[in-house]
Amino acid sequence: MTEVWPGAPFPLGATWDGEGTNFSLFSEHAERVEVSLFDERGGEERVPLDERTSFNWHGYLPGVGPGQRYAFRAHGPYEPGGGMRFNPDKLLIDPYAKAIEGAVDWSAANVLPYVPTGEDDADLERDDEDDAAAIPKCVVIDPAFDWEDDAPPNTPWTATVIYEVHTKGFTKRLEPLPEELRGTYAGLASDEAIEHLTSLGVTAVELLPVHHIVDESFLVERGLTNYWGYSSIGFLAPHALYSASGTAGEQVREFKGMVKALHRAGIEVILDVVYNHTAEGNHLGPMLSFKGVDNPSYYRLSPDDPRYYVDFTGTGNSLNPVHPSVLRLIMDSLRYWAIECRVDGFRFDLAAALAREFWDVNRLSAFFDVIHQDPVLSQTKLIAEPWDVGPGGYQVGNFPVLWTEWNGLYRDSVRDFWRGATDGVGEFAARLTGSSDLYADDGRRPVASINFVTAHDGFTLADLVSYNEKHNEANLEDNRDGTDDNRSWNCGAEGPTDDPEVLALRRRQQRNFLATLFLSQGVPMLLGGDELARTQYGNNNAWCQDNELSWFDWHLEDDQRELLDFTRRLIFMRRHHPVFRRRYFLQGTSVEGSGLPDVWWFRPDGRKMTRRDWENSELRTLGMFLNGDELHEATARGESIADESFLLLFNAHHESVAFALPTRRFGTRWKLELSTADPHAAERSFPARERVELEARSLLVLRRGW
């Protein structure tokens, strides 16, 4: 029998001190807790944790160290009607595990806490089958890691360019890498992967969830997996199956090594984190961890019938951040990734669900308070997906200071503009200039807007211009899944085509979207692979496609290389011209020293837009002057920034338009900087008031040359 000392209630989880390991598990309602130790052959020893302090069950096991496999068993009442679902026959993953060895083996045992009869009331009868063979074990880790001279890039928001990418899909088909490194943390840390990121010019990778993931049983039955990873079960454990070096704690060192390598290249790491729900589903879902540790504490239960879960997420359950110990888990997880793993920021999935104090979304919720007062987390990059599926869940523009937001209105407006489906140009202009209508009133700045046209959820950019309808048959749900509100346009043919005119228009539309994204005020987020015209063949919900449909194909055709070069050019332009990434909102008022406004809008005849023009629902063209003279946006060291001035000409009409350039007071001569109609256009210059032909559905950027 393993010797047990009283140990300590904190820290929670398994903590090795060099001589033994302290185990601690929070459960307010359990009557008894055991830690189960497993040997290499799967043999189990159950060790009671008899000490209980502040609802933490704890004990210290001398001689137990790194590599030890373990899990918990919690004893208590099984009364689903009262919200209690204790079942000691079901092995429980440690909510604070730093490493989890792998996947659930759904075929090895029944991981449901009840007898699966197929009836809706089946969960009322407790199952007594032991499921230890099916549950992945937690692993005690050695946290030591040599960070050497690692230093976070600390890129300011105004200079940030985000690249949303899947850890596995990015390098799974990157052939210069050894097979064993593809699709792993080590693969993302490779010279080949980092060279693509640095040559592109992005400053941060936003990784789809890397908290340990559990595939839903119905996916396994269909031969699919939860590729995106929005099914967390371990909030402090890097997903084991993205590790090339091993799953017995090696994944932690490999993840840290990836962060160190990206930092060395000047690239920040932002994690997409899912604290709004877990992989345990609704009242008929499996028992993997939280449900068996303390169901009424960890989850929001229906006040009318606590047998059922409140679901703000569309997944069957909602985590309960109102409970102080659950909020502590979230905060401990964030601090662990920020301090121990040195990640630079977080994107919060369905963040509105975390801001619900009891029912309504509350900007003053405890969730915001504890993050804002935290000296570490308050200084990281905080990004909200500002909605959930509950009532009143769409909260774009309503998150507090320190927070940036995925701007869904930007996505919709830009898509509508370039497909010719807008009600005039006013909405487009508001999004192009940083969405001051959403963020200016509460003290935030343009960088509060994370601008994106595409993201992991939905069409890729290539598919956005190639499909009018979703084509999700591969998901085996009869094409019912995924949104029907794509705001896409196939340019005249659905899917693959040999029509040269359609293909040319699709390439131009992709350039239009990318140019708009990188020339907009705010923070651009590029969906990884869009620079390569990556396609999912019309699948707008590839969450379960861990295969070539989702993985990057690095064998590029000429048109893909051309788009990659064009994207690099745009990011370079943005980096070197602060006029496209201002710290303050544009006012339309005169800039001291130039006698010109910071922004000025004009019509194709070169004259100022009038109120009637802004109200014209048929208008599809717009000219924009951006004044770079003495931006008066001092740097942190008090230096005044100056830049060149630009004209941006937009034409979303199906016919070409002749744009008259503004009068000489704005500039006597203008040089062609970029054309989405002809990315190889020869250098040209135009005098003031000259008429410039702007092709149908295209964008021109002109730089003042005096």
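Described in the following lines is the structure provided in the data block. Residue positions within a chain follow its written sequence, with the count starting from 1. In keeping with the predicted nature of the model, local features appear solely for residues at pLDDT of at least 70, side-chain atom pairs appear and are counted solely at 80 or more, and the whole-chain, interface and lining totals rest on all residues. The basis for every side-chain value is the complete set of heavy atoms in the structure, and neither hydrogens nor water enter the calculation.

### Some words on the overall build of the protein chain
The condition is simple: In DSSP terms, a helix is any run of H or I states spanning at least four residues, a strand is any run of E spanning at least two, and both are numbered starting from the N terminus. All radius of gyration figures rest on C-alpha atoms, and the globule criterion is 2.2 Å times the number of residues raised to 0.38. Relative accessibility decides the category of a residue: with a 1.4 Å probe and only protein chains considered, values under 20% of the type maximum give buried, values over 50% give exposed, and everything between is partly exposed.
If you tally the helices and strands in the protein chain, you get 15 helices and 30 strands. Taken over the C-alpha trace, the protein chain has a radius of gyration of 27 Å; the compact-globule value for 706 residues is 27 Å, and the two agree within 12%. Principal axes of the C-alpha set define a box for the protein chain whose edges measure 90 × 55 × 55 Å. Counting all 706 residues of the protein chain, 61% fall into the buried class.

### Side note on the side chain of Gln-521
As a reminder of what qualifies: Polar contact is the term for a pair of N or O atoms within 3.5 Å; when the atoms are in protein, one must be able to donate a hydrogen and the other to accept it, and sequence-neighboring residues count only if both atoms are side-chain atoms.
When you line up the elements, Gln-521 lands in the loop between helix 13 (500–519) and strand 20 (523–527). Gln-521 sits in the buried class, given a relative accessible area of 1%. Polar side-chain contacts of Gln-521 include one of 2.9 Å to the backbone oxygen of Val-579. Polar contacts involving the side chain of Gln-521 include one to the main-chain amide nitrogen of Arg-582, which spans 2.8 Å.

### Focus: helix 9 (residues 408–418)
A turn of α-helix holds 3.6 residues, and therefore any two residues three or four places apart point the same way. Most of helix 9 sits inside the fold, with nine of its 11 residues counted as buried. Two or three places before Leu-409, at the opening of helix 9, Asn-407 has a side-chain oxygen 3.1 Å from that residue's backbone nitrogen.

### Topic: the nonpolar core
Condition: Here the nonpolar core consists of buried residues drawn from Ala, Val, Leu, Ile, Met, Phe, Trp, Tyr and Cys, with membership extended through side-chain atoms lying within 4.5 Å. Only heavy atoms enter the contact rule, under which two residues are in contact if any of them lie within 4.5 Å.
Core analysis: the biggest nonpolar cluster contains 162 residues, and Phe-23, Tyr-70, Tyr-163, Phe-255, Leu-271, Phe-346 and Phe-348 have the highest contact counts within it. Top contributing element to this core by residue count: helix 7 (residues 324–340), with nine residues. Not counting residues up to four positions away in its chain, the partners in contact with Phe-255 are Tyr-185, Val-210, Pro-238, Leu-271, Trp-337, Cys-341 and Val-343. Membership of the second largest hydrophobic core comes to 19 residues, among which are Ala-204, Leu-350, Val-523 and Met-525.

### Some words on the pairing of strand 29 (residues 691–694)
Our working definition: Note: two strands are recorded as paired if DSSP finds a minimum of 2 bridges between them.
Of the two faces of strand 29, the one holding Val-692 and Leu-694 is buried and the one holding Arg-691 and Glu-693 is not buried anywhere. Strand direction decides the pairing type here: strand 26 (residues 657–660) and strand 29, joined by four bridges, are antiparallel. Across the sheet, the residue bridging to Ala-660 is Arg-691, located in strand 29.

### Examining the side chain of Arg-508
Formally: Neither His nor the chain termini are counted; the positive set is Lys and Arg, and the negative set is Asp and Glu. Basic side-chain nitrogens of Lys or Arg form a salt bridge, by our definition, when they fall within 4 Å of a carboxyl oxygen of Asp or Glu.
Secondary-structure assignment places Arg-508 in helix 13. It turns out Arg-508 is buried and unbridged, and the closest side chain with the opposite charge, Glu-695, is 4.6 Å from it. Not counting the four nearest positions on each side in its chain, Arg-508 is found in contact with Thr-676, Ala-677, Ala-696, Arg-697 and Ser-698.

### What to know about the environment of Gly-314
Tracing the chain through its elements places Gly-314 in the loop between helix 6 (290–298) and helix 7. Sequence separation between Gly-314 and Val-389 is 75 residues, and the spatial gap between their C-alpha atoms is 6.5 Å.

### Digging into the sheet that holds strand 20
For clarity, the threshold we go by: Axis angles are defined between N-to-C directions and span 0 to 180 degrees, where every axis is a line fitted to C-alpha atoms and, for a helix, only to the segment in contact.
Around the barrel, which closes on itself, the eight strands sit in the order 11-12-15-16-17-18-19-20 with parallel pairing between neighbours. When the angles between neighbouring strand axes are averaged without regard to direction, this sheet yields 30°. Note: strand 19 (residues 449–451) against strand 20, two bridges, orientation parallel. Looking at strand 20, one finds that Ile-450 is bridged to Val-523. Most of the contacts of helix 8 (residues 366–373) go to strand 18 (residues 403–406), to which it runs at about 125°, and overall it touches strand 16 (345–348), strand 17 (381–384) and strand 18.

### Brief notes about the pattern of salt bridges
Under the counting rule described, the total for this entry stands at 44 salt bridges. The salt bridge partner of Arg-73 is Asp-130, with a shortest N-O separation of 2.9 Å. In this pair, Arg-73 is assigned in strand 7 (residues 69–75) and Asp-130 in the loop between strand 9 (84–85) and strand 10 (138–139), connecting sequence segments 57 residues apart. We classify Asp-130 as partly exposed; its relative accessible area is 32%. We note a salt bridge from Asp-553 to Arg-173, for which the minimum N-O separation is 3.9 Å. With a gap of 380 residues between them, Asp-553 in the loop between strand 20 and helix 14 (558–576) and Arg-173 in the loop between helix 1 (167–171) and helix 2 (185–188) connect regions that are remote in the sequence. The exposure class assigned to Asp-553 is partly exposed, which follows from its relative accessible area of 33%. Its relative accessible area of 21% is what places Arg-173 among the partly exposed residues. Sharing partners across several salt bridges, the network here consists of Arg-411, Asp-412, Asp-416, Arg-419, Asp-485 and Arg-487.

### Here we look at the sheet that holds strand 4 (residues 44–48)
Here we have four strands laid out as an open sheet, ordered 4-3-7-10, and antiparallel in their pairing. Edge positions in the sheet fall to strand 4 and strand 10, since each of these pairs with one other strand and no more.

### Thoughts on the packing of aromatic side chains
Our working definition: Stacked, tilted and edge-to-face are the three classes applied to pairs of Phe, Tyr and Trp rings, where Trp contributes its six-membered ring and a pair requires centres within 6.5 Å; stacked means planes under 30 degrees apart, edge-to-face means over 60, and tilted covers the rest. Think of it as a cone above the ring: NZ of Lys or CZ of Arg counts as a charge over the ring if it is within 6 Å of the ring centre and within 35 degrees of the ring normal.
With the rule as written, the count across this model stands at 43 aromatic pairs. Taken together, a centroid distance of 5.5 Å and an interplanar angle of 55° make the contact between Phe-367 and Phe-368 tilted. Ring geometry for Trp-387 and Tyr-394: centres 5.7 Å apart, planes at 10°, overall stacked. A network of ring pairs unites the aromatic residues Phe-26, Phe-235, Tyr-275, Phe-290, Tyr-298, Phe-346, Phe-348, Phe-367, Phe-368, Phe-399 and Trp-403 as a single cluster. We note Arg-347 situated over the ring of Trp-406; from NZ or CZ to the ring centre the distance is 4.0 Å. Over the face of the ring belonging to Phe-312 we find Arg-356, whose NZ or CZ atom lies 4.3 Å from the ring centre.

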